[in-house]
Every structure is written in C-alpha cells, then in structure tokens.
Amino acid sequence: MTAPLHEPTAETAPSAAEEAALAGAEAKAVQGRSLGRIAWERLKRDRLALAGGMVVVLLVLVAMFAPLIAGQDPDAYHENLIDPLFGTPKGSLGGVSADHYFGVEPVSGRDIFARIVYGARISLLVGFLSALVAVVLGTVLGILAGFFGGWVDSAVSRVMDGLLAFPQLLFIIALVSVMPNQMLGLTGTGVRLFVMILVIGFFGWPYIGRVVRGQTLSLREREYVEAARSLGAGRLYILFKELLPNLVAPIIVYTTMMIPTNILTEAALSFLGVGVKPPTSSWGQMLSAAIDYYDSDPMYMVVPGLAIFITVLAFNLFGDGVRDALDPKGSR
Amino acid sequence: MTTQRTSGRRKQAMAATAVVAALLTTAACGGGGKDDNSGSKTGAAGFDAANNKVAQASLVKKGGELKFAASQDADSWDTTRGYYGFMWNFSRYYSRQLVTYKPEPGKAGAQITPDLATGLAKVSDDGKTYTYTLRDGATWEDGKPITSQDIKYGIERVWAQDVLSGGPIYLKDVLDPKGEYKGPYKDTSKDHLGLKAIETPDAKTIIFKLPAANSDFEYMLGLTSASPVRQDKDTKSKYGLKPFSSGPYKFESYDPGKDLVLVRNTAWKAASDPIRKAYPDKISIKFFTNANDLDSRLIAGDYDLDIGQTGLQAQGRATALKEHKANVDNPTSGYIRYAVFPQSVKPFDNIHCRNAVIYGADHVSLQTARGGPVAGGDIGTNMLPPSVPGSEGQKYDPYQLATANKNGNVAKAKEELKACGQPNGFKTTIAVRNNRPTEVATATSLQASLKKVGIDADIDQYDGSQTSGIIGSPSNVKKKGYGIIIMGWGADFSSVQGFGLPLWDSKYILQSGNNNFGLIKDKAIDGLFDQYNTTLDDAGKAKIATDINHKVMEGGYYLPFVFEKYINWRSNRLANVYTTDGYSGVYDFVNLGLKSTK
C-alpha cells in the first residue's frame, strides 16, 4: 500500500500547507522519509520557489495588517497636493514625499501607498476565495466523475467542456452590470466581491476537475484500491480515505497556479470598471485610472503595475516549485 | 410643446457636442485684421485667440483641403435625424435653412439671421403666425431652385419618426401638438404636403401657423432638422448616406466610420448666400476609434481640428498646454455638470437635507475632478449656463459655492442636518454613469466630502447607455434609493426654454426618459415658462429666465459642479477661426479657411 501524503487538504493556504507538511514529516522522521518530507526537501533546495513563497507570506501579512501598515486613510483627499491645471500631483515622481511614499493619485490626491496596501486585500481575497470555490467544486465533481464513470462521467465531462468554452470575462461583465446593489445583506463592494469570487471560482473548477478526474481514473484501478474493495470498504471510504489523499498533490499544484490567474482576472475586471466599487481601492482599477496619465504621471501607472506583476510572479514561482517538488517526473 | 429628447443617444449627442459661451462679450469685431497680431502668419494664432473673437481672418486663402478628425461618426448625416452638436455645425456645409445662426463669434453667433429667407419672420401680433419670403438664386446641387414646398417637405420629415428617428422633434411638438399629421410617407394627399400648420401659397412664400404661441419658434426653424429636402431625392432611411446638397459643398464619398469627403457644389452661388464663405475646395473627415490617437495626430499637425469639439483628452491636454499653448482655445461650454436630488427619495424630500449636501460638498475638489479650472470649468454656482440670455454667471451664487463655502462648510452642513431632523447624518446612494470616468471621479469626490459631515453615500455605477430607463424612470429611482444623481445638461438652443424646460417644468415629469430628476413641481416655475412662451421681446424673455433660475436655486434641488469649459485644438493651417455660442462655444465650421492651399 502506498503511503498517503500527510498533508492538509488544499483548502488551507499554501504557506500553512508547507508548515504542516514540515511538521508532519518531522514527526515521522524516524520512520523514514514520507512523500511530503521528500517534497519539502526538494522545495528547500529551490531558491526561486522559496523566494516566491516568502513574498506570498509577506503579501498575506500586508493584507491582514493593512490599517497598521498604510498608516492613513486610503480614501482621504489631499487636493492641496494637486496641480489644478493638469490634475497631476505637484512635485517629482508623482508627489513622492515623507508622508506619501509612492506619491499621490492624480485629481484626488489620495495616498497611493495606502491604496496599494488596501488593494492587496481585494486581490488576495478574490484570488484565494475563488480558488477555494474552484477547488471544492473541481475536486468533488472530478472525483465523482472519475470514480463512478458511466453517465456521471459523461455529464460532468460535458459540463466541464462547456464551461471551458464559455467566455467567462464577458459573462462576468454582463452579470456585474445587472447585479443589484444590495443582495444577501451585502451592499456595494460586498456584492461585487461576492459575485466575482463566485463566478471566477465557478468558471475555474473544470481545470481542477479534469486533472482530478484523470488521476482518479488511473488510481481507482490500483492494487491498494482493489485491496480496500476486497476487504469490504464502502464507496465513500474508498473515495475519501483511499483516493483523495493521493489526489492532494495535483490539487495543491493546480491551486497555487490558479490563484495568480484569479488575481489577474480580478485586476482585469476592475480595470474594465466592473470590479470593486469606489472608493474601495484595487490594483486593476488604479491601473485603469492611470492610463490617462501615463505620460504626465508615469509613477501612478508603475506602482500598481509592479504590485500586480510581483504578486503574480511570486505565486507562479512558488507554484512551479511546489509542482516540481511534488512531481519531479513532470514535464520540465 | 417642446420635449427635449432624452434617450441615451441624446446624452451621447450632447456629450459629443462641445459647448459654449460668452463670458466676456468683447463685442468681437467680425472683420479680422486686428486680432492677427497675436500670432505669426504661418504659425498658431495664440492661446484663446479664437475664443469669442475671430483669429487670423485676413490670412485666408481660397482653396485647399480642410481636414477634420473625429473620434466617432455622427449619429446620422440626414438633416432630419442628426442630433449630435457637431453634425448640426457641419451640416451647414451641405444644407441651408430658412434662418440660421449668425456666422459671428461669441454671443452674436447665437442670434438668428436669415439664410434662405430674405429676412426674419413677419410675426403676427398674437405670436402664432410666421411668414417668410424666399431669396432668389438659391439652388439644389442639380441647379433647380429651392422652393417653399421643398422646405415644407423637409420639415414634414420630422413627423416620420418611425422611419427617421433620432433628430429633435421640437417642430413636431409645436406645430402639431396633438399629433394629427402622420408624416409625408403616410400622407395620402397627392403632393405629400398634407401638414396643415404650414402653408405654401407660392414657391417663394411659406407661412407657419402655430396652435399656440412659442417665443422660441424661430430658434427651432434654425435647427438642422428644418432643412429643405427634395421629394424626388428623398431616399428615406438611406438619406443620411448621401444627402442632396443645398449648400456650397456636396457629398463626394462617405464610408461610415472611416471617412467622408465633401467637394464644391458648383451649382451653389455665393450671391444667393449671406452666410457661407466656402473657402476650402475640399472638406474631409477621418474617423478614428481612439481619442488619444486622434489627439496625437492633431498635435502632430496631420489634421486641422477635432470635429467632436469636446476637448482634448487628459494626455493631449497636458502636451498641448505645455508645448503648444498657442494652438488651443479655452471656451466655456453651454453645459452645466451637476448633482440633483430626487425628492421622492427620503430624506431628500426635506430641503434642509438637500442643503446639507450642497454645503457639505467640496466644490474645489469637484472642480478638480472635472478637470480643474481650465479644462473642467469655473465652479458652478447656479443652474443657468452663462451663454443663455438671462444668466448672471458666477455673480448669482446663493450658496456661496465659489467663495466662502468653496471647500465645503461642515458647520453649516451639520446645522442643515439638524434642521432636517437627521443630526447624525444619513445613508444614501449616488447614481452615476459607468462610462463617464470624470463623472465617477466627481461621485467619488462627493462621497469623500459627505463622509466628513456624516452622510454615508454608496456609489452605484449604472450602465451609461441605459440612462433613460434607469435614472429616467422615477419609480426606478425611488426603488433603488438614488438620493443623488450625477448628470450634465446642455441646451439645444440658447434659451431658458431650450435648456431648462425638460429639467424644471412639472409637465415634463415622465415615467420613462424623464429629465426632471428632482421631480420639481413648482407652480411658480411652471407659470413662468408659460409666460415665457408668449413674451416676444428679448429683455422680457431674459428677465423671466433669471427669475426661473432663482426659483430653481432657492428650491435646493441642484448642486451645480461647473460651468463647463473645454480645451480645443486648432492647427497652424487654420484661418478665420472663431468660437460661437450658436453651437455651444465650439468653432464655427462653416467659415473656416486655410492659410495655404497646399
């Protein structure tokens, strides 16, 4: 019987996952190296992946402690810092000063540093939660399709094909513009966030669903499943105790790859004006507003652009590292 | 009478229109000569050199190609269907009317002057009958004379709204308020000239008989939709692709959304036309899809001017003001940008709550959001645009928005909140079009300053192309709780009726396509509008306009943001350039000329 991975399910954040994996691995160090332990050893040697992981942890901390780090109200106007003729910040580099580390926004004079810090909340919230939605849906439906086969498989697979062909960006744009302003006790930005998370997650599950289904198809024929079955194990037991633990590796890999995509989708939606609502700040929305000033105030465009770039890069590097660590035989 | 159209399309039209005004009526000398000093012979005329005065009139050379650039095509080039301001302005190249705007800078440019007619109308004492005699020598592009029947037929086309939708319908509302006439295409009379309100006793005489007096009627006859159309050349819904010319230029080619070229109409005789100078040999429009691209081509000198005349984008504006200041003018537009408070949404039924918002807002911040004092405009202090007769401009400032309270008066706002019974503030929703970044910026500014007085405003960005169904529906406004609506408005013609009737008269509260967003039901205001229709002298009309404006401001229905201004580009090649209030402060296209024919 192959030893199942002793890692928490993918619902937990990757940072927590590695720690848990480490803890789990140490506890059983005497008994020889588990798969998780081996993966961790490999990951430790991958400096790029570690750097990415550290940036991710840092970002999560920034988002959590935004009010402390920003030090000021991201929505407060500072008109006195704006040149009324052009609407651009006074001073060099978009109004960089001791009070405003990244300068201020054109027209309103809001502090860019504070808005970037608060914007991290939106990006990470949407990135993580929509990935969670996708993982839960994708895992459950994928494993069912792979395990039961027959009409269940056909139905789930066709739905996945359909969703993959669906123009999700256009759909979200259309959906958001007809969304009520109040829903389920949420208002304004709350509604938008809820809808974005749900929809991005919903359109993301087939990617995980396909992988899980494929893995399940091959795993269900393995001897240890056969053994469990012949010992009289029920279907549910086989699904969740025998198959699921062996699917954790691919799920984690795909989750870490999906989060940056979701962050980009959120940025794109905010860029197009259907993301969060003002005055809530979001990187995509800042980038969109910066277009009018790319020449007169380039700093305003550079800052949110870099924020998105660094975040997505960090997640991708980390995700790549995790994939290589868990599946060294994979293509690369 | 007149209903100002209010569809999304119209809003677009108004946006596409630039605008006007005439703060300083430095009684521009129509001639020229003098103003040329500020610029070089081959270079630009100087900053604001063509704003309300004529720049470089003496440098005009006949001939050459005048090149317009456009960020979007007109709604239609059909004289009956066009509603975009630039289309009205441009249509004078290929279309004439009985009367039109004077080809003069500033305020004078908004006055009506005879075109096809020999003089202004002979108006009967009761103000209900208008008689015109036609000028000799005016012809169509095939050389046949323009007759009174052609004019009547052209006006009748306004009734065919099922086929020719989109244009203004003032004439239809005034001449046939009950809608008895069915339009020329459903007209069973032999000559299709069945409209009873217009009589054409002979080819040179045309008589209009109004069921009720309207002192702005002649303005309506000056609209492009009152142009003559020849029956045998009427291609109905396809007419806009190639209108049959009555002016100095005719259509050579038109590829919608790509380009349009006009060439000289050889049948047109200068002697028959007191308005049009017809300097260039050829006039072209190139349509762009990206406004920033258009700006950079203008600044590079590839084109002479932007047909839209809505001002340069932020990027081009900065470049132009820093490096080519002599190439721009900064006219005031006839637009007012404002917030309005629907009285159906609590607590805005109470004037003190409305006042709290007016006092709480930071007017300088709102002005900056609109683009600042140069590109955005002066702080708006009342609801009558400076170009409309009867306006007092910033001198009438009942809330001291441009002076003492320009950064918001928190103490006064809190006082008003107490008087309103909401001492701790309240929650409300700001409705704003999602396709207007500057409007969203003003909403965000308002939200930030209202937060300081305890008013918690949520911003709802609705689909800007659905304006008439969303904020134009009072029941929807109430359902959604839109306490503050952000909008802008410009006049179709320069009078208090052309600007304010749809906004302030209780008869204009509509179930759909409403523009009286404040749901103003004030008998005094309604009465003043009725009185206006029968007042024929200009001084009397201006006085009523002033009174209406005061009543509206005293009601606290509106928070004006700016009397809008634009930064418009003119190339080094242009000569005889001036802005006119007739077309909302933009350049008068019809008499533009070039300094060099190359």
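Once a new chain begins, its residue numbering starts again from 1 and follows that chain's sequence as written. Written order decides the labels, with chains lettered from A and ligands numbered from 1. Per-residue local features of the predicted model are confined to residues with pLDDT of at least 70, and side-chain atom pairs are confined, for both listing and counting, to 80 or more; whole-chain, interface and lining totals are unaffected and use all residues.

**Q** Explain the overall build of chain A to me, please; I cannot follow it from the model alone.
**A** Along chain A, the regular secondary structure elements total twelve helices and two strands. The helix and strand labels rest on DSSP assignments: H or I over at least four residues marks a helix, E over at least two residues marks a strand, and numbering proceeds from the N terminus. For chain A, the N- to C-terminal ordering of α and β elements is α-α-α-α-α-α-α-β-β-α-α-α-α-α. Counts of 20 or more other C-beta atoms within 10 Å of a residue's own C-beta define buried residues, counts of 12 or fewer define exposed ones, and intermediate counts define partly exposed ones; C-beta atoms are placed from the backbone. Every one of the 332 residues in chain A was classed for burial, and the buried ones make up 45%. Within chain A, contacts between residues at least 6 apart in sequence are counted, and of these 70% link residues at least 24 apart. We call two residues in contact when their backbone-placed C-beta atoms lie within 7 Å.

**Q** It is not clear to me how the overall build of chain B should be interpreted in this structure. Could you clarify?
**A** Scanning chain B from terminus to terminus reveals 17 helices and 23 strands. Whereas a compact globule of 598 residues would reach a radius of gyration of roughly 25 Å, chain B reaches 24 Å, a difference of no more than 12%. With the C-alpha coordinates aligned to their principal axes, the bounding extent of chain B is approximately 75 × 55 × 40 Å. Counting every position in chain B, which comprises 598 residues, the buried fraction comes to 58%. Radius of gyration means the value over C-alpha atoms here, while the globule rule gives 2.2 Å times the residue count to the 0.38 power.

**Q** It is not clear to me how the sheet that holds strand 9 (residues 259-264) of chain B should be interpreted in this structure. Could you clarify?
**A** Sheet strands associate in pairs through backbone hydrogen bonding, adopting either a parallel or an antiparallel arrangement. Residue and element names in this part refer to chain B. Pairing between strands is defined by DSSP: at least two bridges between them are needed. Judged by pairing direction, the sheet is mixed, and its five strands sit side by side in the order 8-9-10-1-11 without closing on themselves. This sheet does not close on itself; its edge strands, each paired only once, are strand 8 (249-255) and strand 11 (305-306). Where strand 1 (residues 65-70) meets strand 10 (residues 282-287), six bridges bridge the pair, whose relative direction is parallel. Paired with A69 across the strands is K286, a residue of strand 10.

**Q** Explain the interface of chain A and chain B here, please?
**A** Frequently, the measure chosen for interface size is the accessible area that the parts lose on association. Residue-level contacts link 22 residues of chain A with 27 residues of chain B. Here the term charged refers only to Asp, Glu, Lys and Arg, the term nonpolar to Ala, Val, Leu, Ile, Met, Phe, Trp, Tyr, Cys and Pro, and the term polar to all other amino acids, Gly among them. Partitioned by chemical class, the residues of the side of chain A that touches chain B number nine nonpolar, eight polar and five charged.

**Q** I keep staring at the pairing of strand 8 of chain B and nothing clicks. Help me out?
**A** Residues and elements named next belong to chain B. In terms of strand pairing, strand 8 meets strand 9 through six bridges, oriented antiparallel. Bridged to F251 within strand 9 is L262. Hairpin geometry of strand 8 and strand 9 is characterised by an intervening segment of three residues between the two adjacent antiparallel strands and by a positive phi of about 80° at G257.

**Q** What is the right way to read the nonpolar core from this model?
**A** Soluble globular proteins tend to pack their nonpolar side chains together in the buried interior. Each nonpolar core consists of buried Ala, Val, Leu, Ile, Met, Phe, Trp, Tyr and Cys residues. Their C-beta atoms, within 7 Å, join them into a set. Judged by nonpolar contacts, the single largest core of 188 residues is most densely connected at M220, V340, V357, I430, I484, I485 and I486 of chain B. Broken down by element, the residue count for this core peaks at 19 residues, all from helix 5 (residues 112-148) of chain A. Ignoring sequence-local partners within four residues, the contact set of M220 of chain B consists of Y170, L171, V174 and A226 of chain B. Of all hydrophobic cores here, the second largest spans 54 residues; its members include V60, L66, Y249 and V586 of chain B.

**Q** Even after reading the chapter, I still don't get the sheet that holds strand 7 (residues 205-209) of chain B, so can you show me in this structure?
**A** Here four strands make up an open sheet; going across it, the order is 4-5-7-6 (chain B) and the pairing antiparallel. Edge positions in the open sheet fall to strand 4 (122-123) and strand 6 (198-202) of chain B, since each of these has one partner strand only.

**Q** How should I be thinking about the packing of helix 5 of chain A against helix 10 (residues 235-271) of chain A in this particular structure?
**A** Packed helix pairs are characterised by how far apart their axes lie and by the angle those axes make with each other. Residues and elements named next belong to chain A. Axis angles are defined between N-to-C directions and span 0 to 180 degrees, where every axis is a line fitted to C-alpha atoms and, for a helix, only to the segment in contact. Where helix 5 contacts helix 10, the axes come no closer than 8 Å and their chain directions differ by 145°. In this structure, the crossing between helix 5 and helix 10 has a hand that is right-handed. Contacts from I122, S123, V126, G127, F128, S130, A131, A134, V135, T139, I143 and F147 in helix 5 reach L239, L243, L244, L247, I251, T255, M258, I259, N262, I263 and E266 in helix 10. Residue composition of the contact of helix 5 with helix 10, by class: 16 nonpolar, six polar and one charged. Here is the rule for handedness: rotate from the far helix to the near one, and if that takes an anticlockwise turn smaller than a right angle the crossing is left-handed, while a clockwise turn gives right-handed.

**Q** Just checking my understanding: could you explain helix 12 (residues 437-452) of chain B for this structure?
**A** Every α-helix carries 3.6 residues per turn, so stepping three or four residues along brings you back to the same face. Residues and elements named next belong to chain B. Here helix 12 is 16 residues long and its end C-alpha atoms lie 24 Å apart, about the 22 Å a rise of 1.5 Å per residue gives. Turning to helix 12, its buried residues are E439, V440, A441, T442, A443, T444, S445, L446, A448, S449 and L450. Phi turns positive one or two residues past the end of helix 12, at G454, with a value near 95°. Expected helix span is taken as 1.5 Å per residue step, with the number of steps being one fewer than the number of residues.

**Q** Would you mind showing me how to read the environment of D292 of chain A here?
**A** Residue and element names in this part refer to chain A. Position of D292 relative to the elements: it lies in the loop between helix 11 (283-290) and helix 12 (298-326). Overall, D292 belongs to the buried group, with 22 C-beta atoms counted inside 10 Å. For the pair D292 and V135, spaced 157 residues apart in sequence, the C-alpha separation works out to 38 Å.

**Q** I keep staring at helix 11 (residues 410-419) of chain B and nothing clicks. Help me out?
**A** Residues and elements named next belong to chain B. What helix 11 keeps buried is the set A413, E416 and L417. Viewed end-on, helix 11 has its buried residues packed into an arc of 105°, placing them on one side of the element. Among the structural elements, helix 8 (351-360) are those in contact with the buried residues of helix 11. Taking the helix axis as origin, the arc is that swept by the directions to the C-beta atoms.

**Q** Any chance you could explain the environment of F148 of chain A here in plain terms?
**A** Residues and elements named next belong to chain A. Looking at the secondary structure, you find F148 in helix 5. For F148, a count of 15 C-beta atoms within 10 Å translates into the label partly exposed. The sequence separation of F148 and R158 amounts to ten residues, and the corresponding C-alpha distance is 15 Å.

**Q** Please explain the confidence of the model for chain A as it appears in this structure.
**A** Detailed reading of the predicted coordinates is not advisable wherever pLDDT is low. Per-residue confidence for chain A gives a mean pLDDT of 82; residues scoring 70 or more make up 86%. On a scale of 0 to 100, pLDDT captures the predictor's confidence in every residue. Here residues 1-14 of chain A is a poorly scored stretch, pLDDT under 50, and it has 36 contacts once near neighbours within four places are set aside; other chains count.

**Q** What exactly am I supposed to notice about the pairing of strand 6 of chain B here?
**A** Successive residues of a regular strand alternate their side chains across the two faces of the sheet. Residue and element names in this part refer to chain B. Pairing of strand 6 with strand 7 involves three bridges; the strand directions are antiparallel. Along strand 7, the bridge assignment pairs E199 with I207. Following strand 6, the chain reverses through two residues before pairing antiparallel with strand 7.

**Q** Looking at this model, I keep getting lost on the confidence of the model for chain B. Mind explaining?
**A** All names here are of chain B. Of all residues in chain B, 93% have pLDDT values of 70 or greater, and the mean over the chain is 88. Across residues 1-38, confidence stays below pLDDT 50; counting only partners more than four residues off in sequence or on other chains, it has 126 contacts. Both scores are available for the predicted complex, with the pTM at 0.78 and the ipTM at 0.71.

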